[in-house]
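Structure assessment
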Amino acid sequence: MLVSLYVKNFAIIDNIQVDFKEGMSVLTGETGAGKSLIIDAIGLLFGKRASPDWVRYGETKATIEGVFSNFHPKMQEIIGFELDPEEYLVLKREIYSNGKSLCKVNNETITLAQLFELSETIGDIHSQFDTQGLFNPKNYLQFLDDATITHLLDEYRIYLSEYEENEKKYRNLLEKNREDTERLDFLKFQLNELDRINPSVEEEEDLKARSHYLNNFGTVSSNLSEIIDLYEKNNLLDKIYESVTLLEKLVTFDSRFENLKKQIEAGYYDINDALAEISLEFKKLDFDGSELDSINARLSTYSDLRRKYRKTTEEIVKYRVDLKNELNNIENYDILLAELEKNVKKSYDKTMQIAKNISEKRKKNAKDLETQILENLADLQLKNVEFRIDFNNDHKFRKNGIDEVDFMITFNKGEPLKSLSKTASGGEMSRFMLALKTLVSKKLDLQTIIFDEIDNGVSGAIAYSIASKLKSISERSQVLCVTHIPQVAAISEHHYRIQKKIAGDKRTTTEIVELDYDGRVIEIAKMISNGVVTDASKNLAIELLKK
């Protein structure tokens, strides 16, 4: 439960700290005193998005801190670190005037999404906006889903994703088949052209090298001739050989000259072999102008291809392979489409099987909910109600299955059932929502449930019934309730007054005070007599507190 709340520099709240207790607590006060600000502050601890507008004028940061008792087993899994079960759970929000905000759990920073998920294990806030949300049938499935259905929905969404992916592939292939069939002749023309030319990166590189050689044939010939003349005219080889002979004589005097002799001798034979090859290459030299023309023509073909296809030679070679594969696919589209269609049907059938299973369980839960809602509405002075949950199952896959449901109701005997969103008055809607919240709180086993004017638009005996229902909820969960109804205020165990005052700096601020018995009598008397305490209203307040 919420043990204490600390709020600083939040809107017109300067600095307040309040301790809450088990059971039912009410918050009362004049309109505009700041009751909803307290609920908004708790809402931030429950993962509501923050606005820099909430930071008190002239301040740079607003702080909201809530201390909660009891840990849900799922909490540690959500936040990713261990919590000491002997300690309290401290949730903290810091909102800065520059738009930044921080979320913390026991001084460890977490994300807003984690805080929101964490809050779902702690409590629930019901505001007038939530009652308005009940008008939207899209929100009805949450009241039918239980843990089993939630698990099935996780499985359903996995198969739905697989089905949608298979369906997308099938549709894309159908469209591609249509488009490719229209350009089949063009693709065949391109492939025939590339097959005829047979481009190759290696061939182009070889042609470029050969072209460079032939274009420099004169330089090659003269250089080879100069090398041969250099050795022959100067008898260089003979002189090298003579040096070998001289070294051989020196070896007889000192063996150290043996290695030198071998090195020069090896060099002599290597040079001799190299000169023989150079002479052979020189003799084979024969410039063929037609070869150069042929090479240049082939290189020109490569250049034309690059310009035409706007690709490099390497990309053209790859494109040729891709063309072959694409044409092969076009010619085998029927086989590919049949295989994909088979996958679509298989994933569709599996998804639909799970969706129907979910739908059947929801229908069973719907029957139970119909009975429980009618019982709770009877407790809230709505005894002539007829209520039915209608399923519109069009076998279309949606995020949450194939079901669309509507709450059909009539609050007047003999009148036809109509959609709840089109028939309920404000008071009836409040009571219907309270009946739902009663059931939801029991199912989720929440620590704290907060009601912001759930009793709006009711009075008299109906107000007594709402008060009793809130009291019954507080027997298993802590209840905090903002109210303007004296019957609700009187039935609570704890009563807090929210009021505005002018501080020493002549600024308006909100304060919260827990009332003792006498304070409660005065506050409830004011609620009864429109803000004016009379003997009659005091006596009635005392009577209400006795009940």
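Worth saying up front: this structure is predicted, and the values here are computed from it rather than measured. In this numbering scheme, every chain counts its residues from 1 along its sequence in written order. In keeping with the model being predicted, local features are shown solely for residues with a pLDDT of at least 70 and side-chain atom pairs are shown and tallied solely at 80 or more, while totals for entire chains, interfaces and linings include all residues. Excluding hydrogens and water, the side-chain figures rest on all heavy atoms present in the structure.

1. Some remarks on the overall build of the protein chain
Think of it this way: any DSSP run of H or I at least four residues long counts as a helix, any run of E at least two long counts as a strand, and we number them from the N terminus. On a plain count of helices and strands, the protein chain comes out with 19 helices and 15 strands. Dimensions along the principal axes, computed over C-alpha positions, put the protein chain at roughly 140 × 70 × 45 Å. Note on exposure labels: buried denotes an accessible area under 20% of the residue type's maximum, exposed denotes more than 50%, and partly exposed covers the range between, all computed with a 1.4 Å probe on protein chains only. Counting every position in the protein chain, which comprises 547 residues, the buried fraction comes to 42%. Across the protein chain, contacts joining residues at least 24 apart in sequence account for 70% of those joining residues at least 6 apart. Per-residue and other accessible areas follow the Shrake-Rupley method at a 1.4 Å probe size, with only the shown protein chains counted as cover for residues. Counting every atom, the protein chain has about 30400 Å² of accessible surface; 49% of that belongs to carbon and sulfur. His is not counted, nor are the chain ends; Lys and Arg add positive charge and Asp and Glu add negative charge. Think of each charge as sitting on NZ of Lys, CZ of Arg, CG of Asp or CD of Glu. When the 76 basic and 93 acidic side-chain charges of the protein chain are each reduced to a single mean position, those positions are 6 Å apart. Residues count as neighbours in contact if any of their non-hydrogen atoms are within 4.5 Å of one another.

2. Let's talk about the pairing of strand E15 (residues 508-514)
Strands pair, by our definition, only if DSSP identifies at least two bridges between them. Summarising the sheet, strand E14 (residues 494-502) and E15 pair through seven bridges and their orientation is antiparallel. Looking across to E15, one finds that Gln 499 is bridged to Glu 511. Between E14 and E15, which pair antiparallel and follow one another directly, the connecting turn spans five residues, one of which, Lys 506, has a positive phi of 60°.

3. Looking at the side chain of Glu 523
Here Glu 523 shows up in helix H18 (residues 517-528). For Glu 523, the contacting residues outside a window of four places in its chain are Thr 28, Gly 29, His 495, Arg 497 and Leu 515.

4. Comments concerning the sheet that holds strand E13 (residues 478-482)
Read across the open sheet, the six strands follow the order E8-E12-E13-E3-E14-E15; overall the sheet is mixed. Because the sheet does not close on itself, it has two edges, and the strands there are strand E8 (123-126) and E15. The average angle at which neighbouring strand axes cross in this sheet is 15°, direction not considered. Axis lines are fitted to C-alpha atoms, over the contacting stretch for helices. Their N-to-C directions set the angle, which ranges from 0 to 180 degrees. Contacting strand E3 (24-28), E8, strand E12 (448-452), E13 and E14, helix H1 (residues 35-45) crosses the sheet at an angle of about 145° to E12.

5. Quick notes on helix H12 (residues 313-331)
Think of an α-helix as 3.6 residues a turn; residues three or four steps apart then line up on the same face. One fewer than the residue count of a helix, multiplied by 1.5 Å, yields its expected span. In this model H12 runs 27 Å from its N-terminal to its C-terminal C-alpha over 19 residues, within 8% of the 27 Å that 1.5 Å per residue would give. Regarding H12, the residues found buried are Thr 313, Ile 316, Tyr 319, Arg 320, Leu 323, Glu 326, Leu 327 and Ile 330. Each buried residue of H12 sits inside an arc of 135° when the element is viewed along its axis, so together they form one side. Those residues of H12 that are exposed and angled more than 90 degrees off the buried face are Glu 314 and Lys 318. Tucked inside the fold, the buried residues of H12 contact helix H5 (147-182), helix H6 (184-197), helix H7 (201-215), helix H11 (289-309) and helix H13 (333-379). Note that the arc is computed from the directions linking the helix axis to the C-beta atoms.

6. Here's the deal with the sheet that holds strand E10 (residues 401-410)
Judged by pairing direction, the sheet is antiparallel, and its three strands sit side by side in the order E9-E10-E11 without closing on themselves. Since the sheet does not close on itself, it has two edges, and those belong to strand E9 (386-398) and strand E11 (418-419), each with one partner. Note: E10 against E11, two bridges, orientation antiparallel. Across the sheet, residue Ile 409 finds its bridge partner in E11, namely Lys 418. Lying on the sheet, H5 is in contact with E9 and E10; it crosses E9 at an angle near 35°. Most of the contacts of H13 go to E9, to which it runs at about 170°, and overall it touches E9 and E10.

7. Here's the deal with helix H3 (residues 112-119)
Turning to H3, its buried residues number three or more, namely Leu 112, Gln 114, Leu 115, Leu 118 and Ser 119. Angularly, the buried residues of H3 cover 160° about the axis, an arc narrow enough to put them on a single face. Looking at the buried positions of H3, the neighbouring elements they touch are H1, helix H2 (75-79), strand E5 (89-96), strand E6 (101-105), strand E7 (108-110) and E8.

8. A word on the environment of Arg 362
By secondary structure assignment, the location of Arg 362 is in helix H13. Relative accessible area serves as the criterion here: at 0%, Arg 362 is assigned to the buried category. In this structure, the C-alpha to C-alpha distance between Arg 362 and Lys 239, residues 123 residues apart in sequence, is 108 Å. What Arg 362 contacts, discounting residues up to four positions off in sequence, is Leu 141, Leu 144, Asp 145, Ile 149, Leu 153, Phe 391, Asn 400, Gly 401 and Asp 403. At 3.2 Å, the side chain of Arg 362 forms a polar contact with the side chain of Asp 403. Any N or O atom pair separated by 3.5 Å or less is treated as a polar contact, with the protein-specific requirement of one donor-capable and one acceptor-capable atom, and with residues adjacent in sequence counted only for side-chain atom pairs.

9. Details of the packing of H18 against helix H19 (residues 535-546)
Interaxial distance between H18 and H19 falls to 8 Å at its minimum, and their mutual angle equals 115°. As for the relative orientation of H18 and H19, their crossing is right-handed in sense. From H18, Tyr 517, Arg 520, Val 521, Ile 522, Ile 524, Ala 525 and Ile 528 reach across to H19, where they touch Ser 537, Lys 538, Leu 540, Ala 541, Ile 542, Leu 544 and Leu 545. Residue polarity is assigned by list, with Asp, Glu, Lys and Arg as charged and Ala, Val, Leu, Ile, Met, Phe, Trp, Tyr, Cys and Pro as nonpolar; anything else, Gly included, falls into the polar class. When its residues are assigned to classes, the contact of H18 with H19 shows 11 nonpolar, one polar and two charged. In this scheme, a crossing is called left-handed if the near helix is turned counterclockwise away from the far one by less than a right angle; it is called right-handed if the turn is clockwise.

10. Overview of the packing of aromatic side chains
Note on ring pairs: Phe, Tyr and Trp rings are taken, using the six-membered ring of Trp, and paired if centres are within 6.5 Å. Classes follow the plane angle, with under 30 degrees stacked, over 60 edge-to-face and the rest tilted. In the structure shown here, the tally under the stated rule is 15 aromatic pairs. Ring centres of Phe 46 and Phe 68 lie 6.1 Å apart, and the angle between their planes is 35°; on these two criteria the pair is classed as tilted. Here the residue Phe 46 occupies a position in the loop between H1 and strand E4 (61-68), and Phe 68 occupies one in strand E4, the gap between them amounting to 22 residues. Phe 46 gets classed as buried once you look at its relative accessible area, which sits at 7%. We classify Phe 68 as buried; its relative accessible area is 1%. Centroid distance Tyr 140 to Phe 407: 4.0 Å. Interplanar angle 5°. Geometry classified as stacked.

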